[in-house]
Amino acid sequence: MEKILVSACLLGENCKYNGKNNYIEKIEIIKKHFDIIPICPESLGGLSIPRDPSEINKNGLVYSRKGKDVTKNFVLGKNRVINIAKYFKIKKAILKERSPSCGVNSVYDGTFSGVTIKGSGITATSLKELGLTLYTEETLDSLINEITTNN
Ligand code: SF4
């Protein structure tokens, strides 16, 4: 079966900043058609669970709400995910929208005011550059249509 990267929180792993998850039921369909490789770039980058939430600022650096520069952790997590993607020659990923690591089309604007802007998270940006096709919990139907039509 083809391998696919999936944000671990979408699979029900309690790896979110608040110790909770973002489980989506549709992931069960994906599990039947792909070999899932769960990834959580923020955990892979050495950040704890739970942790202070972070956002990317206008200079491209990542700061926690309490003002700590956690850019190094985000870059380390990204590098580890990129290594996994290269090693397994991964072509697709399903990532959590709006996350400063995993967001594909939008992220929070860095002011911790709940405002989102067009852009992508640190890991998602690099996976895109590597040539992967990225889906989110909001665009997953297109992948589900593709696999259920072809199988
Ligand atoms: Fe989920 Fe990605 Fe955040 Fe980890 S870094 S909790 S996988 S959105």
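Conventions adopted
Residues numbered from 1 in each chain as written. Predicted model: local features only at pLDDT ≥ 70, side-chain atom pairs only at ≥ 80, totals over all residues. Heavy atoms only, no water. Pairing = 2+ DSSP bridges. Helix = DSSP H or I, 4+ residues; strand = E, 2+ residues; numbered from the N terminus. Axes fitted to C-alpha atoms, helices over the stretch in contact; angles between N-to-C directions. Near = heavy atom within 4 Å. 1 Å grid on protein atoms, 1.4 Å probe; cavity = no way out; pocket = protein on both sides within 12 Å on 5 of 7 lines; lining within 4 Å. Sits in = over half its atoms within 2 Å of the grid points. Nonpolar A, V, L, I, M, F, W, Y, C, P; charged D, E, K, R; others polar. Salt bridge = Lys/Arg side-chain N within 4 Å of Asp/Glu carboxyl O. Buried < 20%, exposed > 50% of the residue type's maximum accessible area, 1.4 Å probe, protein only. Points joined across faces, edges and corners; volume = space filled by probe spheres on them. Left-handed = near helix turned anticlockwise from the far one by under 90°. Contact = heavy atoms within 4.5 Å.

As annotated in an unreviewed UniProt entry, the chain carries the name DUF523 domain-containing protein and is attributed to Candidatus Onthovivens merdipullorum.

K.L.:
For this particular structure, what's the right way to read the sheet that holds strand S2 (residues 35–39)?
P.N.:
Strand pairing in a sheet is mediated by backbone hydrogen bonds. Such pairs are either parallel or antiparallel. Spatial strand order, S2-S1-S5-S8: 4 strands in an open sheet with parallel pairing. The open sheet terminates on both sides in strands that have one partner only, identified here as S2 and strand S8 (133–136). Strand after strand, the sheet turns through a mean of 25 degrees between neighbouring axes, direction not considered.

K.L.:
What should I look at first to understand the site of the ligand in this one?
P.N.:
Surveying the vicinity of the ligand reveals 14 residues, the closest of which are Cys9, Cys15, Cys40, Glu42 and Cys102. Given that more than half its atoms are within 2 Å of the pocket grid, the ligand belongs to the largest pocket. Among the residues making up the shell around the ligand, the classes are represented as 7 nonpolar, 3 polar and 4 charged.

K.L.:
Honestly, the pattern of salt bridges in this entry has me stumped. Any pointers?
P.N.:
In a structure, side chains of opposite charge can pair up when their charged atoms sit close to one another. Scanning all chains against the criterion turns up 8 salt bridges. The partner of glutamate 137 in a salt bridge is lysine 96, and the shortest N-O contact between them spans 2.9 Å. In this pair, glutamate 137 is assigned in the loop between S8 and helix H5 (140–150) and lysine 96 in the loop between strand S5 (92–95) and strand S6 (106–108), connecting sequence segments 41 residues apart. Take glutamate 137 and lysine 96: they sit in the same class, and that class is buried. In this structure, arginine 98 and glutamate 138 form a salt bridge, with 2.9 Å as the shortest nitrogen-oxygen distance. Of this pair, arginine 98 sits in the loop between S5 and S6 while glutamate 138 sits in the loop between S8 and H5; the two residues are 40 residues apart in sequence, bridging distant segments of the chain. Judged by its relative accessible area of 24%, arginine 98 falls in the partly exposed class. Using a relative accessible area of 49% as the deciding quantity, one classes glutamate 138 as partly exposed.

K.L.:
Would you mind showing me how to read the layout of surface pockets here?
P.N.:
Take a probe with the size of a water molecule and roll it over the atoms, and the empty space left behind shows itself. Considered as a void within the structure, the largest pocket measures approximately 570 Å³ in volume. In terms of lining, the largest pocket is formed by 28 residues, of which the most central are Lys16, Tyr17, Ser99, Pro100 and Tyr108. Sorting the residues of the lining of the largest pocket by element identifies helix H2 (41–44) and strand S3 (54–56) as the ones contributing at least two each.

K.L.:
Sorry if this is basic, but what is going on with the packing of helix H3 (residues 71–87) against helix H4 (residues 122–130) here?
P.N.:
Geometry of a packed helix pair, given as the angle between the helix axes and the separation of the axes. The geometry of H3 relative to H4 is characterised by a closest axis approach of 9 Å and an angle of 30 degrees between their N-to-C directions. Note on packing geometry: the crossing formed by H3 with H4 is right-handed. Mapping the contact onto sequence places Phe74, Gly77, Lys78, Val81, Ile82, Ala85 and Lys86 in H3 and Ile122, Thr123, Ser126, Leu127 and Leu130 in H4. When the residues that make up the contact of H3 with H4 are grouped by side-chain class, the tally is 7 nonpolar, 3 polar and 2 charged.

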